[in-house]
Every structure is written in structure tokens, then in C-alpha cells.
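For reference, the chains in residue letters:
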Amino acid sequence: MYQVNVILDNLPAIRYTKKDGFMLRWTGYPVGVKVQDAYYVFNHLKFMVLVHKYEDNVARVMGTGDAAEVIPTIGNAGSNVPGYMVVGFEVVPCSFQHNADLLKNLNMYDKYPNPINCDPGMVAMAIKENEPLAFTYEVTFVESDIKWPSRWDAYLKMEGSKVHWFSILNSLMVITFLAGIVLVIFLRTVRRDLTRYEELDKEAQAQMNEELSGWKLVVGDVFRAPTNPSLLCVMVGDGVQILGMAVVTILFAALGFMSPASRGTLITGMLFFYMILGIAAGYVAVRLWRTILGGANKGWFSVAWRVACFFPGISFLILTTLNFLLWGSMSTGAIPFSLFVVLILLWFCISVPLTLVGGFFGARAPHIEYPVRTNQIPREIPAQKYPSWLLVLGAGTLPFGTLFIELFFIMSSIWMGRVYYVFGFLFIVLILLVVVCAEVSLVLTYMHLCVEDWRWWWKSFFASGSVAIYIFLYSVNYLIFDLKSLSGPVSATLYLGYSLFMVLAIMLATGTVGFLSSFWFVHYLFSSVKLD
């Protein structure tokens, strides 16, 4: 499944294949093919270069300043006949058995004497040991109507937009269903309970206090600090950073700022926004930490420092391990050492200081006041019919349902060499995912409070964060069923390593959404209750 990517004038080579009457577009071409237990190499390439004649107006537009020399002219340097510009680059790979005798006297770039019949449906050049292998190519230039500004359209044509709309519709149904539940919770329980509660006189209130059921019983415990509060703050801070980066990057990509014509802008943009949003990560984490401590300032610096090192540190560990694997197998895909140094410098000279600055602002900002006081002695949690972690794990299926169709396209673009350019859809799916995560976590938190379980902090985080487990299982499934010919432990380890990295980021982002929505809900719920 190795793909060869060829670029001409910044355009990747595009290959058309027919399958079930559909035309499929691929960038690049495979190194070879396996037919009946024999391997054949594609050693002859038939390039078709689509060209478009320079038009006077384009020449004038492009002739601003130093670009005037760019326009080639045909013939002598002084002649005014305009040349052509490349507007398309197609490739047809063939497997062709060259004549060994003819090759003996030929050097590189020499012309092969006999005509080559290139039929993509036939394979001829089987790979055998110690047999010389010649690579040849032919080029045809075809004049085309495609104009220079629209030369990328062939790469970005929407394939199967119906599928994306179906996925969005599917997500909207899940969202409406959950929104209904949330609305019912707010209207039925909260509102009814509150009105009943405020209308009664003192005597009846005292009597009602005894028979209070559900969430009002845990009023003295609901804001009790969770176990490992600093880890929760760190994970929420990192989640805010990752989510912010995703939203901003995808928004810019959807608006067309990160076109595939400029290579690598997406990764650069992601890194840039991630570092800048360190401020938000530090601020949120430290403010949450102070809220849990009840306004005390102690230990904010260590929380901010941990935020700066938690996610980047784990990512760095994963990427370094994978890189050693790549170095070990002499791959050119390994990140060079110089780039490693640059990444470490970016991390410690830009990301860490910004996060600490954010933490400083978080330490200066007023902490969030709890609406109710917490009792000294924690209340006993009644025995549950079934373990609450089951609910938390099951909750991840709902966000996964909104995500999985888009996930397939993203996986294909990362691992199969397809162009992914439906960032508009991706942005909509991301917004829907955020809404679903918030709703799922809110409903689950309410369910826990109703059965008098006040330990909601971590559960609200993992209720939506558990979507990551399903995404990881999906990527394992994708490895087994879609990347069948991915052979060797190194390839599989690389794939799983990158998947793990992706899943960790998703868990932090979705978990943060869930936690923050639950925190707001609990705060709102108990601030509207008059309990003395």
C-alpha cells in the first residue's frame, strides 16, 4: 500500500480509476500490485500534463512587480508570443517488461528505442531477485479549457456529499433527542421542585425536608472537592487548548485559508493556534483549581506548569517512540533531529511561558463562588443497582454516533492518500459533537445526583470523554478491515501509535466540554434553590 506522490508545478499527480461504474480520484499511484501471489512493479508512467495558454489579462495580473519574468514566452527571449501554464497533472502507472538487450547501452534520461504500449489493466514486470529493473516515462501535453485559478478544482471536488449530509442529519436527530431529555429535566424536575419548595410555609418545609428525594439531598456534598483535583484541572486546561485549536483551525480551513495548494499550512496552523491558546489553558486550569480550593492561591504555579507539560509531554513520548521505530527501519519518514530540537524549543520557549502567563491571570481572576456550603462530613452514597461507570462508558456511544461517518473520511485521507477538503462539513460536525457531549454529560450528571451520588466531577468528564474508547476501537477495526495489506509489526505499531495520540487529544477535548457543561448545570441547579 505504498503510494508514490509526484508533484509538478505544485500539483500532485492525480490518478483516475473506475470502480462499479464510478470514477475514483487518487493522488499519487501505488508502487506496485499483487496479482495471484506474484508482485508486479509499476515501472512505466504515462503523464498527461494539461496546459492552458497564457491570456493577456492573466499575464497582466501576474505581471506585478517581480512576477513579470515568470511568464514564459515561446521562441526568443524578446518575442511576445505567450507560453503555457500547467493546469492539470494526471498519471497512469503501467507494469511493462522492457527488453534487457536494449537497456544495456542506455544511460539515464536516454530515449527507449521501441514504442511502449501502456495498458493499466495488464501487468508484466514481475519482481525477481537480481533482475535489472528499468523505469521509463512518457509525457503528453494536452491543451485544456481549465483556467489557472480553478486548477485545484479537480482535487477538491466533493465526493459523496450526500453521505456527509446524512451524517449531519443523523447527528441532528441524536441532538434533538438529547435536547428533549435536557428540556424535560429542566422543566419538569427543576422548575416544579423549585416552585413547590418556595411556596410552602416553614412547617410544611420542615416536613418536606425529611422526605426530600434525589438531588436536593446531596446539597451539602455536591461541591465537595473531587479526588485528584489537580489532575482534573490539568486535563480540563489541556482540553480547552485542544478544543480551541480544533475549532479555530477548522474554521479557518472552512473559510479557505488553508488550501492544499500551500502545503503544510494545516499542520503549521494547528501548532500556531495550539501554542497561542496556552494562555486559555493556563487560565481555565488555575481558575478551576482556585474554585475547588475555595479561593486559595496556593499551588497555582505547579498546576499551570503541569498543564504546559501534560499533553505535550505524552505526545512527545509517543512521537519519540514512533520516531525511534522509523529510524530503526531506516525510513525517510522519520522526523529529522533538527526538527525535534525546533519542536522542543517551540514547546519550552513559547508554549510553556504562555501557559504560565495564562495561569498568572487565572490566579488574579476571582474564583467561582459556590452557591451552597459543603458539610464537614461526607454523606454516605446509597448502594446503586448497577455500577455507575457502566453508564459513563455507555454514554460515549452517542457522541461517537455523530462522529463516525466523518471519521471514515478523515481516516481515508490520512492513511489512503485521498484529499480531504470538506472542512465546512467537518466544522458543522465539530459543533454538533460539542453540543452532544455537553448534553450527554449534563443528563448523566443529573441522573447521578438523583440517586444521591454526589461524586460527579470525574464522571461528567468521562461521560463525554469515553467517546475516545470507541474511536480507538474504530481505528483498530479500520486497521484490520480497511488496511488489510498493511504488513509488518512496525507499520501496525506506527498506525496504533498515531491513533493513540489522536484519541488522547479527542478524550481531553470532549471530556472538557462535558465537564464544563456539567459544572455550569450543577452550579445553576443549586444556586436557584433556597436552602438554609
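Under an unreviewed UniProt entry, the name given to the chain is Transmembrane 9 superfamily member, and the organism recorded is Sesamum calycinum. Note on the chain: under the UniProt heading Sequence similarities (unreviewed entry), the record states "Belongs to the nonaspanin (TM9SF) (TC 9.A.2) family."

Where helix H11 (residues 388-395) meets helix H14 (residues 457-465), the closest approach of the two axes is 6 Å, and the angle between their N-to-C directions is 35 degrees. Pair H11 / H14 crosses with right-handed handedness. When H11 is examined against H14, the residues Ser388, Trp389, Val392 and Ala395 are found in contact with a partner set consisting of Lys459, Phe462 and Ala463. Broken down by class, the residue content of the contact of H11 with H14 amounts to five nonpolar, one polar and one charged.

Looking now at the nonpolar core. Ranked by size, the top nonpolar core spans 95 residues in total, and within it Leu449, Phe515 and Phe526 carry the most contacts. Within the second largest apolar cluster, 14 residues are counted, among which are Ile14, Phe47, Phe89 and Val91.

This next bit is on the packing of aromatic side chains. Scanning the entire structure with this criterion turns up 34 aromatic pairs. Judged by centre distance (6.4 Å) and plane angle (35 degrees), the ring pair of Trp327 and Phe340 falls under tilted. Of the two residues, Trp327 is situated in helix H9 (residues 300-328) and Phe340 in helix H10 (residues 337-364); the sequence distance between them amounts to 13 residues. With a relative accessible area of 35%, Trp327 lands in the partly exposed category. We classify Phe340 as buried; its relative accessible area is 9%. Here the aromatic rings of Trp457 and Phe519 are separated by 6.0 Å at their centres, their planes lie at 50 degrees, and the arrangement is tilted. Note that Trp457 is positioned in helix H14 and Phe519 in helix H16 (residues 489-527), a separation of 62 residues in sequence. Through a chain of ring-to-ring contacts, three or more aromatic side chains come together here, namely Phe316, Phe324, Trp327, Phe340, Trp347 and Phe348. Its end group placed over the ring of Trp148, Arg151 keeps NZ or CZ at 4.3 Å from the ring centre.

The rules behind the values
- Residues numbered from 1 in each chain as written.
- Predicted model: local features only at pLDDT ≥ 70, side-chain atom pairs only at ≥ 80, totals over all residues.
- Heavy atoms only, no water.
- UniProt positions renumbered as here; feature names shortened; annotations may be inferred.
- Axes fitted to C-alpha atoms, helices over the stretch in contact; angles between N-to-C directions.
- Helix = DSSP H or I, 4+ residues; strand = E, 2+ residues; numbered from the N terminus.
- Left-handed = near helix turned anticlockwise from the far one by under 90°.
- Contact = heavy atoms within 4.5 Å.
- Nonpolar A, V, L, I, M, F, W, Y, C, P; charged D, E, K, R; others polar.
- Core = buried A, V, L, I, M, F, W, Y, C linked by side-chain atoms within 4.5 Å.
- Buried < 20%, exposed > 50% of the residue type's maximum accessible area, 1.4 Å probe, protein only.
- Phe/Tyr/Trp six-rings, centres within 6.5 Å; stacked < 30°, edge-to-face > 60°.
- Lys NZ or Arg CZ within 6 Å of the ring centre and 35° of its normal.

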